[in-house]
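Chain by chain, the residues run as shown.
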Amino acid sequence: MTTPIAAAATTPPPGADAPQLDAPRKKTQNRFGVGRTVRFAVMILFVMIVLTPVYVLFITSFKGAGDASPARAWNLPETWVLDNWIGAWNALAPSIGRSFMIVIPSAIISAFLGSLNGYVLSLWTFRGANLVFTLILFGMFIPYQAVMIPLLEIMLGAGIPSGVPSLILLHIIYGIPITTLIFRNYYQTIPHELVEAGRMDGAGMLRTYWSIILPISIPSFVVVLIWQFTNAWNDFLFAVFFSSSRNGPVTLALNNLANGALLQDYGISMAGALLASLPPLVVYILLGKYFVGGLMSGSVKG
């Protein structure tokens, strides 16, 4: 039993050992604070580097013809004008509408086909499924330039009209490998017991897919739709070969706008570039967090 005298002898005076006990904690907090400050400084530096071209684009789009020049690229406009935005919108509005007509159906259809492929290749497997999956992925590694001329001959021989119909079909076909890969990786994390339970209840392959698998595939659909929307919207190579300025997407119209101005009217070219980049930017702002979550949902099994 400890006596009051012994307790008093073993108890240090108030504050006697406090500096020694708190020193490691304060040192750790200082290290954490310095590290966090350095990380924030590096992040701010990278953000400034990335946003520098955006700054030049933005201020140049509001400059008049005499004010927009390479020598004055960093200067703010002497007079802020909207003529460049009005001219760019009048020139690009029809092609922006055609781009939406191309990217929306191509993204949805390729996502749905990729989901069916991923489901069959992961949860409803058959003999040779791995070989079929390898052959599908092989399409991801073929450069577009290597097959462009044969592909053009095939499209012309099939009688598919140039412009929107051709581009929709091409983006659907070339989107199947990546959509199949994403959905297959996601479906491999789903317990096979769900499929077996559907079979025991008498559900066939399509019924199981529609009632069990499709409702839990929303994360992967978000990833695939964002990916396909962005790729189809920014495509230029297919647009050059399979469309013209009369029936092509916004990337082709933007190129014609810059070339038509002979790069002398920088303001309208910059305004057009910003207009053309707004739809995918809005998509990423609204669905960016779901994009990362959908990718991570299929990265770990179990």
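The notes below deal with the structure included here. (Residues numbered from 1 in each chain as written. Predicted model: local features only at pLDDT ≥ 70, side-chain atom pairs only at ≥ 80, totals over all residues. Heavy atoms only, no water.)

We now examine the overall build of the protein. When helices and strands are counted, the protein shows 12 helices and zero strands. Going from the N terminus to the C terminus, the protein shows its helices and strands as α-α-α-α-α-α-α-α-α-α-α-α. Within the span of the protein, comprising 302 residues, buried residues form 35% of the whole. A fraction of 72% describes how many contacts in the protein between residues 6 or more apart in sequence connect residues 24 or more apart. A total of about 18100 Å² of accessible surface is found on the protein, and carbon and sulfur atoms cover 71% of it. (Helix = DSSP H or I, 4+ residues; strand = E, 2+ residues; numbered from the N terminus. Buried < 20%, exposed > 50% of the residue type's maximum accessible area, 1.4 Å probe, protein only. Contact = heavy atoms within 4.5 Å. Areas by Shrake-Rupley, 256 points an atom, 1.4 Å probe, with all protein chains shown as cover.)

Moving on to the pattern of salt bridges. All told, the structure shown has one salt bridge when counted by the stated rule. With its nearest N and O atoms 3.4 Å apart, the salt bridge here joins Glu196 to Arg199. Taken together, the residues span about one helical turn, with Glu196 and Arg199 both in helix H7 (residues 192-200) at a distance of three residues. Using a relative accessible area of 39% as the deciding quantity, one classes Glu196 as partly exposed. (Salt bridge = Lys/Arg side-chain N within 4 Å of Asp/Glu carboxyl O.)

Moving on, we get to a nonpolar patch on the surface. Where nonpolar side chains cluster on the molecular surface, the patch consists of Phe100, Ile104, Ile108, Ile109, Phe112, Leu113, Trp210 and Leu225 and spans about 690 Å² of accessible area. Among the elements that take part in the nonpolar patch, helix H3 (residues 83-122) stands out by supplying six residues, more than any other. In this structure Ile108 comes out as partly exposed when scored by relative accessible area, which is 48%. (Patch = residues over 30% accessible without salt bridge, like charges linked within 9 Å, V, L, I, M, F, W, Y side chains within 5 Å.)

Running from N to C, H3 and helix H9 (residues 218-234) cross one another at 140°; their axes reach a closest spacing of 8 Å. As judged from the angle between their axes, H3 and H9 are oblique. Relative to H9, H3 is oriented so that their crossing is right-handed. Only Phe221, Val224, Leu225, Gln228, Phe229, Ala232 and Trp233 of H9 make contact with H3, whose side of the interface consists of Ile96, Ser99, Phe100, Val103, Ser106, Ala107, Ile108, Ser110, Ala111, Phe112 and Ser115. Its residues placed into classes, the contact of H3 with H9 shows 13 nonpolar, five polar and no charged. (Axes fitted to C-alpha atoms, helices over the stretch in contact; angles between N-to-C directions. Parallel < 35°, antiparallel > 145°, perpendicular 65-115°, else oblique. Left-handed = near helix turned anticlockwise from the far one by under 90°. Nonpolar A, V, L, I, M, F, W, Y, C, P; charged D, E, K, R; others polar.)

Before going further, it helps to spend a moment on the packing of helix H5 (residues 144-158) against helix H6 (residues 164-187). Two numbers describe how H5 lies on H6: the axes approach to 13 Å, and their chain directions differ by 130°. As the angle between them shows, H5 and H6 are arranged oblique. Crossing hand, H5 versus H6: right-handed. Every residue of H6 that contacts H5 at Tyr144, Val147, Leu151 and Met155 is listed here: Ser166, Leu169, Leu170 and Tyr174. Looking at the contact of H5 with H6 residue by residue, the class counts come to seven nonpolar, one polar and no charged.

Here we take up H9. For H9, with 17 residues, the first-to-last C-alpha span of 24 Å sits near the 24 Å given by 1.5 Å per residue. When H9 is considered as a whole, its buried residues turn out to be Ser220, Phe221, Val222, Val223, Val224, Ile226, Gln228, Phe229, Thr230, Ala232 and Trp233. (Expected span 1.5 Å × (residues − 1).)

Right, let's talk about the packing of aromatic side chains for a bit. In total, this model carries 16 aromatic pairs according to the counting rule given. Taking the centre distance of 5.0 Å and the plane angle of 20° together, the rings of Tyr144 and Phe238 count as stacked. One end of the pair, Tyr144, is in helix H5; the other, Phe238, is in helix H10 (residues 237-242), and 94 residues separate them in sequence. Aromatic side chains Tyr186 and Tyr187 sit 5.8 Å apart centroid to centroid with 55° between the ring planes, which places their arrangement in the tilted category. Tyr187 sits in the buried class, given a relative accessible area of 0%. These aromatic residues form a ring-pair network of at least three members: Phe58, Phe62, Trp80 and Trp85. One residue, Arg184, lies across the ring of Phe133, its end atom 4.1 Å from the ring centre. (Phe/Tyr/Trp six-rings, centres within 6.5 Å; stacked < 30°, edge-to-face > 60°. Lys NZ or Arg CZ within 6 Å of the ring centre and 35° of its normal.)

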